[in-house]
Amino acid sequence: MAQPETVDHPRSADPKELAKFEAMAAEWWDPEGKFKPLHMLNPCRLDYITRQIAAEFGRSRDDALPFAGLRLLDIGCGGGLLSEPMARLGAEVVGADAAEGNIPVAALHARQSGLEIDYRHTTAEALAEAGEQFDVVLNMEVVEHVPDPAEFLATCARLVRPGGIMICSTINRTPRSFAAAIVGAEWVMRWLPKGTHDWRKFITPDELRTMIEVAGLRFLDRKGFVFNPLSWRWSISDRDLGVNYVTTSRRPGAAAGATAPLSARG
Amino acid sequence: MDNPPDTGVSEGMETDVIIVGGGLNGPALALALAQGGLKSVIVDSLPAERRADPAFDGRAYALSLASRRLFAAIGIWPEVAPSAQPILEIKVSDGRAGEGAAPFFVHFHHGEIEEGPMGHVLEDRFLRRALLAAIDSAPGITHLAGMRAVGQETGGDGATVTLDDGGKIRGRLVVACDGRQSATAARAGIRRTGWRYGQTALVAAIRHERPHGGIAHQFFMPPGPLAILPLPGNRSSIVWTETEAEAARVHALPPEAYLDHLRPRFGDFLGDIALEGGRFTYPLGLSLAERFVAPRLALVGDAAHGIHPIAGQGLNLGLRDVAALAECLVDARRRGEDIGTTGPLREYERWRRFDTALMAAGTDVVNRLFSNDNPLLRLGRDLGLGVVNALPGLKRRFIREAAGLTGELPRLMKGLPI
């Protein structure tokens with residue numbers, strides 16, 4: 001099933017990867033279901049994302065709709081675990097997923113939550129070719145699933161409006177990440193189906209930084225997402241980027257629709 | 001909202017958090033949430049006049065330093081501070097009626113921790129009225145006084161509480177602050193566990209001849225402990241424990257006979273004593289909810305855990321729930337999450353269950369150990385307390401525990417903004 005026929009040559013959409021995710025789509029919003037690890041990681045990811053957006057665009061997270069007026073793209077939106085919180089904070093959200101089955105699941109849930117989100121069955125390439133641009137591009141846990149990360153990141157960079165930011169997270173290629181993401185999450189805990197991740201596709205923070213800079217973005221920040229098996233929760237770390245990590249980078253140039261004082265940062 | 005505030009509620013009233021219970025924890029939670037931009041509706045079964053009654057009814061609380069910080073953070077400490085008595089020292093001793101304190105006793109002095117007085121004693125009337133005034137002037141808080149919640153429905157997209165006048169309130173989350181017999185928790189099918197001690201606490205305020213010097217006393221006696229908490233002026237609040245039958249008998253005595261019964265326990269170190277305000281009894285028992293959360297529901301204070309009030313920790317524990325829950329919910333809001341979903345609720349439960357179980361077990365053990373007249377146990381106790389007194393590190397830990405400074409403190413209890 002699930003050859004994404006409606007999309008022209010989706011270079012970021014490896015058909016085998018897509019089929020795996022289609023099969024999981026209905027389970028997205030069950031915190032105890034197949035996406036339990038993502039639900040567990042989500043507060044930590046959202047903490048990082050919301051703080052970065054607030055800092056880069058001069059917003060306060062204590063305002064009622066702190067991200068009002070910001071156009072945001074969630075690449076690989078899945079069931080909307082990131083799109084919904086962003087919409088709730090006032091952003092104008094486009095959720096894109098190359099797996100067609102995710103779109104109705106996400107749209108249905110957004111309606112139940114009383115949120116307006118523009119979910120589309122499309123790819124980063126198709127959006128870039130259509131000339132779409134965003135103040136914020138969320139590129140979370142996607143890079144390790146695409147066949148050509150450098151090319152994919154170059155496409156994502158084109159989707160960032162001058163002065164806008166991209167937040168990108170992925171998994172490091174270390175012995176520890178093999179132990180945690182493959183042996184731990186897939187084999188032992190069975191959090192993820194076997195074969196969800198291919199360790200060889202994992203990318204080190206330095207490799208990611210180079211690819212992002214080659215794509216024309218300025219690298220701003222990187223942090224680790226660290227799972228503590230004793231407290232059974234994730235936290236943000238300044239130093240430990242050994243397994244999961246996240247980065248923020250900015251496309252140089254004045255902010256078009258957003259607030260001004262970005263270009264002075266660095 | 002386009003409905004009149006005090007004459008029933010129309011269909012379609014919307015808020016973020018529906019708080020059932022208007023005692024102390026409910027209003028404190030509403031104020032903490034308001035600071036983080038979350039709206040709330042408080043459903044309070046008592047009419048506002050009862051909450052605003054200025055008369056002293058004899059009830060008072062020993063507020064920990066952590067609780068005081070919470071009150072400062074939600075803006076009510078300046079209102080109540082002039083009426084609060086700082087606790088400068090705590091003396092814990094073991095005694096038998098008529099014999100006075102045993103030679104070994106623990107003496108906690110606030111100079112042994114750097115944060116200042118380890119607590120304050122505050123009369124219920126001042127706290128109650130300050131909270132009432134604050135919720136009635138804070139933006140985003142609707143206070144429905146004299147109304148009862150009679151039903152609740154929770155679902156994937158929100159929660160609805162039905163009131164006794166047929167009105168409905170919709171929100172993201174329901175918080176039960178309705179006490180040990182929480183009807184809200186019962187409606188959600190949350191069972192409780194616990195036991196009675198066969199003891200009853202007698203609570204009263206007394207006036208005494210000599211100044212108390214800001215010293216709180218805890219005498220451990222065979223029927224149960226007697227706590228003397230200093231109030232402003234030559235007054236103290238006492239909590240005194242007897243067996244159920246004896247407590248019922250003493251409670252029914254006329255004032256002079258009541259005092260005659262109290263005097264040998266109290267001793268004469270404060271001179272002659274007289275009753276002031278009312279007298280209360282509270283049957284002691286431990287009551288713990290099997291869960292502190294359910295879908296779109298969180299339990300706070302006695303609704304989650306009613307503990308033995310032996311060290312005045314009931315309100316302090318409840319306020320810790322308030323600060324922890326407010327932090328979990330406000331953090332979730334800042335992340336853009338739906339505040340009534342499993343994530344933030346489970347975070348709250350994980351945070352509070354451990355502390356509560358520890359405190360409940362701790363006060364239970366202390367009570368069982370001290371409510372005993374076995375001479376060997378008495379000796380062990382005396383020596384035990386003497387040992388505590390001799391070990392500065394251990395004692396500092398005890399003082400910090402009494403001041404509410406141990407465990408993972410919520411930001412509002414560290415003196416930080418939410």
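Because the structure is a prediction, the values reported are computed rather than measured.

## Some remarks on the sheet that holds strand 1 (residues 13–14) of chain B
Residue and element names in this part refer to chain B.
- The strand order 1-12-11-10 describes an open sheet built from four strands, whose pairing is mixed. Each edge of the open sheet is held by one strand with a lone partner, namely strand 1 and strand 10 (149–155).
- Sheet topology places strand 10 next to strand 11 (residues 158–163); six bridges connect them, and they run antiparallel. What sits directly across from T154, in strand 11, is A159.

## Structural notes on the sheet that holds strand 20 (residues 297–299) of chain B
All names here are of chain B.
- If you trace the six strands from one edge of the open sheet to the other, you get 9-3-2-13-20-19, paired in mixed fashion. Edge positions in the sheet fall to strand 9 (141–145) and strand 19 (293–294), since each has one partner strand and no second.
- Sheet topology places strand 3 (residues 40–44) next to strand 9; five bridges connect them, and they run parallel. Bridge pairing links V43 to L144 in strand 9.
- Set on the sheet, helix 1 (residues 25–35) makes contact with strand 2 (17–20), strand 3, strand 9 and strand 13 (173–176); between it and strand 3 the angle comes to about 175°.

## Structural notes on the pairing of strand 7 (residues 233–237) of chain A
Residues and elements named next belong to chain A.
- For strand 6 (residues 218–228) and strand 7, the ladder comprises five bridges, and the chain directions are antiparallel. Considered in strand 7, the bridge of N228 is made with R233.
- Linking strand 6 to strand 7, which pair antiparallel, is a turn of four residues; within it W232 sits at a positive phi near 60°.

## A closer look at the packing of helix 6 (residues 149–159) of chain A against helix 8 (residues 205–214) of chain A
Residue and element names in this part refer to chain A.
- Between helix 6 and helix 8, the least distance of the axes is 8 Å, while the angle of their chain directions is 45°. Between helix 6 and helix 8, the interaxial angle falls into the category oblique. Of the two possible hands of crossing, helix 6 and helix 8 adopt the one that is right-handed. Contacts between helix 6 and helix 8 pair P149, A150 and L153 from the former with M211, I212 and V214 from the latter.
- For the contact of helix 6 with helix 8, the per-class residue count stands at six nonpolar, no polar and no charged.

## What to know about the pairing of strand 6 of chain A
- Pairing analysis gives seven bridges linking strand 6 of chain A to strand 8 (residues 244–250) of chain A, with the strands arranged antiparallel. Along strand 8 of chain A, the bridge assignment pairs F219(A) with S249(A).

## Considerations on helix 6 of chain A
- Among all positions in helix 6 of chain A, only F152(A), L153(A), T155(A), C156(A), A157(A) and L159(A) are buried.
- Elements that come into contact with the buried residues of helix 6 of chain A comprise strand 1 (71–75), helix 5 (124–129), strand 4 (134–140), strand 5 (160–171) and helix 8 of chain A.

## Quick word on the interface of chain B and chain A
- The interface is formed by ten residues belonging to chain B together with 15 residues belonging to chain A.
- Its residues assigned to classes, the side of chain B that touches chain A comprises no nonpolar, five polar and five charged.

Quick notes on the rules
Going along each chain's sequence as written, the residues are numbered from 1 onward. Written order decides the labels, with chains lettered from A and ligands numbered from 1. Only residues with pLDDT of at least 70 are given local features in this predicted model, and only at 80 or more are side-chain atom pairs given and counted; all residues enter the totals for whole chains, interfaces and linings. Pairing between two strands is assigned when DSSP locates at least 2 bridges connecting them. The way it works is that DSSP assigns letters per residue, a run of H or I at least four long becomes a helix, a run of E at least two long becomes a strand, and they are numbered from the N terminus. Two residues qualify as a contact pair if the distance between their C-beta atoms, derived from the backbone, is within 7 Å. Lines fitted to C-alpha atoms define the axes, with helix axes restricted to the stretch in contact, and inter-axis angles between N-to-C directions lie between 0 and 180 degrees. Throughout, the term roughly parallel applies to angles under 35 degrees, roughly antiparallel to angles over 145, roughly perpendicular to angles from 65 to 115, and oblique to all others. Crossing handedness is read from the near helix: turned anticlockwise from the far helix by less than a right angle, it gives a left-handed crossing, and turned clockwise, a right-handed one. Basically, the charged four are Asp, Glu, Lys and Arg, the nonpolar ten are Ala, Val, Leu, Ile, Met, Phe, Trp, Tyr, Cys and Pro, and anything else, Gly included, counts as polar. Neighbour counting defines burial: a residue surrounded by 20 or more other C-beta atoms within 10 Å of its own C-beta is buried, one with 12 or fewer is exposed, and intermediate counts give partly exposed, using backbone-placed C-beta atoms.

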